[in-house]
Amino acid sequence: MITREEIADLLDHPVYDGDGNKIGDAKHVFFDDMTGRPEWVSVKTGMFGSNESFVPIRDASLVHDHLEVPYRKDQVKGAPNVDVDAGGHLSEAEEHRLYDYYGINWDSVLSEAERTDDIGRAEGPGTTGTAGTAGAAGAAGAAGVAGTAGAGTADTTGRESAPGRRGMPGDDAMTRSEERMHVGVEEHEVGRARLRKYVVTEEVEQTVPVRHEEVRVEREPITDANRDEAMAGPDLGEAEHEVTLHEERAVVETETVPVERVRLTTEEHIENETVRGRIRKERIEAETERTAEDDTRRGRE
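Residues numbered from 1 in each chain as written. Predicted model: local features only at pLDDT ≥ 70, side-chain atom pairs only at ≥ 80, totals over all residues. Heavy atoms only, no water.

## Here's the deal with the overall build of the chain
Consideration 1: The number of helices and strands found in the chain is five helices and seven strands.
Consideration 2: Each helix (α) and strand (β) of the chain, taken in turn from the N terminus, gives the series β-β-β-β-β-β-α-α-α-β-α-α.
Consideration 3: Every one of the 301 residues in the chain was classed for burial, and the buried ones make up 27%.
Consideration 4: Counted over contacts in the chain with a minimum sequence separation of 6, partners at least 24 positions apart contribute 59%.
Consideration 5: As presented, the chain carries roughly 24300 Å² of accessible surface, and 46% of it is formed by carbon and sulfur atoms. (Helix = DSSP H or I, 4+ residues; strand = E, 2+ residues; numbered from the N terminus. Buried < 20%, exposed > 50% of the residue type's maximum accessible area, 1.4 Å probe, protein only. Contact = heavy atoms within 4.5 Å. Areas by Shrake-Rupley, 256 points an atom, 1.4 Å probe, with all protein chains shown as cover.)

## Concerning the layout of surface pockets
Consideration 1: Empty space within the second largest pocket amounts to approximately 430 Å³.
Consideration 2: Taken together, V183, G184, V185, E186, E187, H269, I270, E271, N272, E273 and V275 form the lining of the second largest pocket.
Consideration 3: Of the residues in the lining of the second largest pocket, the class split is four nonpolar, three polar and four charged. (1 Å grid on protein atoms, 1.4 Å probe; cavity = no way out; pocket = protein on both sides within 12 Å on 5 of 7 lines; lining within 4 Å. Points joined across faces, edges and corners; volume = space filled by probe spheres on them. Nonpolar A, V, L, I, M, F, W, Y, C, P; charged D, E, K, R; others polar.)

## A word on the pattern of salt bridges
Consideration 1: Inspection of the entire model under this criterion finds 12 salt bridges.
Consideration 2: Close ionic contact of R176 with E178 constitutes a salt bridge, the shortest N to O distance being 3.7 Å.
Consideration 3: A residue is classified by how much of its surface remains accessible, and R176, at 43% relative accessible area, is partly exposed.
Consideration 4: The class of E178 is partly exposed, set by a relative accessible area of 30%.
Consideration 5: Across the salt bridge formed by R211 and E248, the nearest N and O atoms sit 2.8 Å from each other. Here the residue R211 occupies a position in the loop between β7 (140–141) and α4 (227–230), and E248 occupies one in the loop between α4 and α5 (292–300), the gap between them amounting to 37 residues.
Consideration 6: By relative accessible area, which is 62% here, R211 ends up exposed. (Salt bridge = Lys/Arg side-chain N within 4 Å of Asp/Glu carboxyl O.)

What follows is the structure, given as structure tokens:
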């Protein structure tokens, strides 16, 4: 179990699960109102620590420079979101819900708190068993030195922050803190592009010359030059002479040839996007109270 003396070595240090996986960094520690023991640690998870998950530290251990808890990383990151009230307390209902999530019996928590409270009363004033702060039995509550022995005015913030946030005994200074916004980017899938090939039919025209043969009758007179050839046949009778005609016709053939290569590529474009968020800042004001005697004296003057 983590002791109060080990809190300073725990805050702002890594938190690991039992398998050695880093869950996040410890941000706040919450104490039990009745026992004064550390009960919960809030762990900053997610991008830039944007989320804060609660994990019980009753079975946790401080190993070298980090805290080790017996819960899986995904279990811690999936813990219920709870609201801490203005006084820095977890409500009994919220704490009950967290104990149920982690499989811790609520009755055993109450019994342990009651036993510790009885021991504190038996030992008398000045013990951590009776913290001077309001809160349901077993509910995480007063932080820092709230349960310190004999404390007259308890700190009711419900949590102890990182080193430098606590007020040491006799320290008359107050620390002012503020939140800082860290903006990052994450990649999301917005769509898909694909190439699809399909076939279309187009009408194509092309002019090509074609030749054909036609019959033409030629007549020549009988001359001394062709008389012997003309008289070679019979003197009188019937005869036939046949000539074969030819023509050319257009023939269409197709062939497939590659004409280009097509591929998909991506281009990265950078543009500016304005991100708005809310951050909280602490302000410190001085207030002066005068006694009635001083007011009377000033009135006489």
